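Overview (structure and organization)
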Amino acid sequence: MKKILCFIVICLSLIFTLSCSKEEDSKVTIITPYGIPFISVAKLTNDKSVSIEAVSGAEHLQSALSSGSYDIVIAPINLGANLYNAGKSNYKIASVITSNNAYIVSRVEDPLNSIDDLIDKEIMAFGKNGIPGSLIRKLYQDNDFLDINNLDNNFFDSSASVYGMFKSSDTIKYALMSEPEITKLKIKDNINVNTLDLCSLLNIEFVPQACIFVKEKSDRIDNVLKKIEQNINYLNLNNSKYSQEIISIDKSLSSMGLDVLTNSLAKANICYKEASSCKSDIDNILLILNSKAVLPNEEFYY
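The sections below set out a description of the structure shown in this document. (Residues numbered from 1 in each chain as written. Predicted model: local features only at pLDDT ≥ 70, side-chain atom pairs only at ≥ 80, totals over all residues. Heavy atoms only, no water.)

Remarks on helix α13 (residues 258-265)
- If you check which residues of α13 are buried, you get Val260, Leu261, Thr262, Ser264 and Leu265.
- In the core, the buried residues of α13 are packed alongside α2 (36-41), α8 (181-187), α10 (219-237), α11 (239-246), α12 (251-254) and β11 (270-274). (Buried < 20%, exposed > 50% of the residue type's maximum accessible area, 1.4 Å probe, protein only. Helix = DSSP H or I, 4+ residues; strand = E, 2+ residues; numbered from the N terminus. Contact = heavy atoms within 4.5 Å.)

Laid out in structure tokens, this is it:
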């Protein structure tokens, strides 16, 4: 009798293990950078059909795109396009989910009404070879009354790095930052700032930034893309409620605080735009990043 019971327990355990393994294998795997891209999909962490990993550093995203180890990679447009053109990635672009998140800031006592206020002023910036850095370098190159040396000597690796130095030193008058760092200055650090939208200064209506890259087409991927689109639509209509629903999902969100999270969403420019509908915008930003860039062919689009 004991042998029979033992056999039944072993069989049930094996069935349970195989069932769990099958469920894990069927999940759509997503890797995303922390910050606004992660916030845009954070609620899907609770979806049983999805597995989301958030990371810091572009090297993880590059590795994911090169190795094909995830179903979906959320990454900057230039990273996905460059690897695809170089034959180092087979991922195709499905959609743009963040855009126009780059602002010049100053403390309220330091004037910032137009780019004229940047004349002879040093400015801290980030992402020299990325989208924000390339945009601000274009601003300086297009306006020869601005000394690009006041910019090029002050590049740092991230908006978070610039934020940390700006809030800690009154001697830093002007900086390039993105959300949620700007809202952190206002709410968490009680620093009142002026802001200028960098994309507006350049008269660029839409600048693709973080995009969704897909390894291969399937119904399960299409279903998750639809869920992401619905999630972003819900987020944009319900900033406060969405923030409450995701605040405890990850330490990066809880440490930000509910007020910062809610208020940063209004200026973060999270969207869901199918890449095939904004090819000219994608080409434009790739050429700003590199005027000699080889633009992706039609096969690049999902």
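After that view, the rundown keeps rolling.
As for the layout of surface pockets
- Of the voids in this model, the largest pocket is the one considered here, and its volume is about 1,200 Å³.
- Residue lining of the largest pocket: 41 residues in total, with Pro33, Tyr34, Phe126, Ser158 and Ser159 positioned closest to the centre.
- No other element matches α2, which puts four residues into the lining of the largest pocket.
- Taken as a whole, the second largest pocket spans an internal volume of roughly 210 Å³.
- Forming the walls of the second largest pocket are Asn78, Asn82, Lys128, Asn129, Ser134, Arg137, Lys138, Gln141, Asp142, Ile288 and Leu289.
- Looking at the lining of the second largest pocket, the elements with two or more residues in it are α4 (77-85), α5 (131-142) and α14 (279-289). (1 Å grid on protein atoms, 1.4 Å probe; cavity = no way out; pocket = protein on both sides within 12 Å on 5 of 7 lines; lining within 4 Å. Points joined across faces, edges and corners; volume = space filled by probe spheres on them.)

Points about the nonpolar core
- Counting residues in hydrophobic clusters, the biggest one holds 65 residues, and the most contacted among them are Ile77, Leu135 and Ile136.
- Among the nonpolar cores identified, the runner-up in size contains 35 residues, and Val41, Ala94, Ala210 and Ile221 belong to it. (Core = buried A, V, L, I, M, F, W, Y, C linked by side-chain atoms within 4.5 Å.)

Structural notes on the sheet that holds strand β1 (residues 28-33)
- Spatially, β2-β1-β3-β10-β4-β11 is the arrangement adopted by the six strands of the open sheet, whose pairing is mixed. In this open sheet, the two strands that pair with only one neighbour each are β2 (50-55) and β11. Averaged over all adjacent pairs, the angle separating strand axes in this sheet is 25 degrees, with direction ignored.
- Looking at chain direction, β1 and strand β3 (residues 72-76) are connected through two bridges and run parallel. Bridge pairing links isoleucine 31 to valine 73 in β3.
- Of the strands in this sheet, β1, β2, β3, β4 (92-98), β10 (210-214) and β11 touch α10, which is tilted by about 140 degrees from β11. (Pairing = 2+ DSSP bridges. Axes fitted to C-alpha atoms, helices over the stretch in contact; angles between N-to-C directions.)

Quick word on the environment of glutamine 62
- By the element assignment, glutamine 62 lies in helix α3 (residues 58-67).
- Sequence-wise, glutamine 62 and valine 73 are 11 residues apart; in three dimensions their C-alpha atoms are separated by 9.4 Å.
- Non-local contacts of glutamine 62, meaning those with residues more than four positions away in its chain, are made with Leu79 and Leu83.

Things to note about the packing of α11 against α13
- Where α11 contacts α13, the two axes come as close as 9 Å, and the packing angle between them is 135 degrees. Between α11 and α13, the interaxial angle falls into the category oblique. In this structure, the crossing between α11 and α13 has a hand that is right-handed. Between α11 and α13, the contacting residues are Asn239, Ser240, Tyr242, Ser243, Gln244 and Ile246 on the first element and Leu258, Leu261, Thr262 and Leu265 on the second.
- The residue inventory of the contact of α11 with α13, partitioned by class, reads five nonpolar, five polar and no charged. (Parallel < 35°, antiparallel > 145°, perpendicular 65-115°, else oblique. Left-handed = near helix turned anticlockwise from the far one by under 90°. Nonpolar A, V, L, I, M, F, W, Y, C, P; charged D, E, K, R; others polar.)

Here we look at the packing of α5 against α14
- Orientation of α5 relative to α14, taken along the N-to-C sense of each, is 75 degrees, at an axis distance of 9 Å. It follows that α5 is roughly perpendicular to α14 by the angle criterion. Contacts between α5 and α14 involve Ile131, Ser134, Leu135 and Lys138 from the former and Ile285, Ile288 and Leu289 from the latter.
- Residue classes in the contact of α5 with α14 are distributed as five nonpolar, one polar and one charged.

With respect to the pairing of β4
- Counted residue by residue, β4 has six buried out of seven residues, so it is predominantly covered.
- Across four bridges, the pairing between β4 and β10 is antiparallel. In the strand pairing of β10, isoleucine 93 is matched with phenylalanine 213.

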